[in-house]
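Examining the three-dimensional arrangement
One-letter residues, chain by chain:
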Amino acid sequence: MTNDHVLLHMKAIKERMAAAGLTLSTRSEQSSGDEGLQQVGKMRVHPLSEVHEDELADGRGFWLFLEREGRCISCISARLVCLEGEDFGSHFRSLAESRYAGRCGVVSDVSQPLVDDLKGRLIYFGGIEVAPGERGGIRQLSDFAQYAKLLAATRWEFDWMYTIIAYRHRRLADDYGFTGKYRNAVTWSTPVPEGLSNDQMFLGLNSIHFSHILNSVEPGQL
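Here's a quick rundown of the structure. Throughout, a residue's number is its position along its own chain's written sequence, starting from 1. Owing to the predicted nature of the model, reporting of local features is limited to residues with pLDDT of at least 70; listing and counting of side-chain atom pairs is limited to 80 or more, with chain, interface and lining totals taken over all residues. Neither water nor hydrogens contribute to the side-chain values; these are computed over all heavy atoms in the structure.

1. Side note on the overall build of the protein
Which entries qualify depends on this criterion: What counts as a helix is a DSSP run of H or I of at least four residues, what counts as a strand is a run of E of at least two, and both are numbered from the N terminus. Each residue is placed in one exposure class: buried if its accessible area under a 1.4 Å probe, protein chains only, is under 20% of its type's maximum, exposed if it is over 50%, and partly exposed if it falls in between. What makes two residues a contact is simply this: any of their non-hydrogen atoms within 4.5 Å. Accessible surface is estimated by sampling points in the Shrake-Rupley manner with a 1.4 Å probe; for residues, cover comes only from the protein chains shown.
On a plain count of helices and strands, the protein comes out with eight helices and ten strands. Across its three principal axes, the protein shows a C-alpha extent of roughly 50 × 40 × 35 Å. In the protein, which comprises 222 residues, the proportion classed as buried is 51%. Pairs at least 24 apart in sequence give 77% of the contacts found in the protein among residues at least 6 apart. Surface summary for the protein: the accessible area is close to 10600 Å², and the carbon and sulfur share equals 49%.

Written as structure tokens, this is what we have:
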């Protein structure tokens, strides 16, 4: 998706960031992504947020960084997955087992609404990481999340975008620009992996809703 509305929204967000002394950069190489993570203060991210070298190399993933004076202060990952007829429950179980090597059956259950809705070409966004002392405000956080979605849409055709957040952060769904909310979406086997919980929410946005929103609001007002 490369229509003019996407580019206008991206331009408006970049200009607002620039006015605050911030710049956005995309990294698609392992070494530069690792360097950016270290500047944010992370030696590594949550296993589900990781983008592997082969995904970066063949254009199925990227890192987006927010920088202040040349130093990365925030980051988010994005990955494209093509289900090709596989149901989402099967895909997510396989993904979890690959990211938690040595644990068989790490996912106990995937809710039926997720299986029914998430199909085809999916874009997954990892959690947003922010450097200590650089929390910014909700406008900055929202702009960063929205820009990641816009950038991904210029790179890949998709059916759904999705991410995972803690239930206590559910009000961020609107700020991040997701219309679908799936509560208690995945049940993890005991012990639940560190950093996860059974009440986490999956947030989803399909391409039809995404296009409608882009075309119905002023640039930068997502």
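Additional details are given in the paragraphs that follow.
2. Here's the deal with empty space enclosed by the protein
Counted only if it meets this: Think of a 1 Å grid over the protein atoms and nothing else: a 1.4 Å probe that fits but is trapped marks a cavity, an open set flanked by protein within 12 Å on at least five of seven lines marks a pocket, and residues with an atom within 4 Å of a point count as lining. Grid points are joined across faces, edges and corners, and a volume is the space filled by probe spheres set on the points.
Counted according to the given criterion, the structure contains two cavities of 30 Å³ or more. One number sums up the size of the largest cavity: a volume of about 50 Å³. Around the largest cavity, the lining residues are Leu-66, Ser-74, Val-130, Glu-134, Arg-135, Gln-140, Leu-141 and Phe-144. At three residues, the largest contribution of residues to the lining of the largest cavity is made by helix H6 (residues 138–155). By volume, the second largest cavity amounts to about 40 Å³.

3. With respect to the layout of surface pockets
The criterion, for reference: Classification used: nonpolar for Ala, Val, Leu, Ile, Met, Phe, Trp, Tyr, Cys and Pro, charged for Asp, Glu, Lys and Arg, polar for all others including Gly.
If you add up the space inside the largest pocket, you get close to 960 Å³. Residue lining of the largest pocket: 35 residues in total, with Gly-127, Ile-128, Glu-129, Ile-164 and His-169 positioned closest to the centre. Of all the secondary structure elements, the ones that give two or more residues to the lining of the largest pocket are strand S5 (121–125), strand S6 (129–130), H6, strand S7 (160–165) and helix H7 (172–176). Across the lining of the largest pocket, the residue classes tally to 18 nonpolar, ten polar and seven charged.

4. Things to note about the pairing of S5
The condition is simple: Here, any two strands with at least 2 DSSP bridges between them count as paired.
Among the five residues of S5, four are classified as buried, and the element is accordingly described as predominantly covered. Relative to S5, strand S3 (residues 71–82) is paired through five bridges, and the arrangement is antiparallel. By the bridge assignment, Ala-78 is partnered in S5 with Phe-125. Across four bridges, S5 lies against S7 in parallel orientation. Note that in S7 the partner of Tyr-124 across the bridge is Tyr-162.

5. Quick look at the environment of Leu-95
Mapped onto the elements, Leu-95 comes out in helix H4 (residues 88–99). With 48 residues separating them in the primary sequence, Leu-95 and Pro-47 have C-alpha atoms 10.0 Å apart.

6. Here's the deal with the environment of Asp-87
This is how it is decided: Polar contact is defined as a pair of N or O atoms within 3.5 Å, subject to the rule that within protein one atom must be able to donate a hydrogen and the other to accept it, and that residues adjacent in sequence are counted only when both atoms are side-chain atoms.
Along the chain, Asp-87 turns up in the loop between S3 and H4. A polar contact of 2.9 Å, which involves the side chain of Asp-87, links it to the backbone nitrogen of Ser-90.

7. Re helix H8 (residues 207–216)
Rules: Working definition: the arc comes from the directions between the helix axis and the C-beta atoms, pointing outward to the latter.
Turning to H8, its buried residues number three or more, namely Ser-207, Phe-210 and Leu-214. Buried residues of H8, seen end-on, are gathered within an arc of 60° and therefore sit on one face of the element. Opposite the packed face of H8, turned more than 90 degrees from it, sit the exposed residues Ile-208 and His-212. The N-cap of H8, judged by a side-chain oxygen 3.1 Å from the amide nitrogen of Ile-208 a few residues on, is Asn-206.

8. Overview of the side chain of Glu-67
Mapped onto the elements of the fold, Glu-67 is located in strand S2 (residues 61–68). Here the side chain of Glu-67 touches Ser-25 through a polar contact of 2.6 Å, side chain to side chain. At a separation of 3.3 Å, a polar atom in the side chain of Glu-67 contacts the side chain of Arg-27. Residues within four places of Glu-67 in sequence aside, it is in contact with Gly-21, Leu-22, Thr-23, Ser-25, Arg-27, Cys-72 and Ile-73.

Geometric values such as these leave the question of function open.
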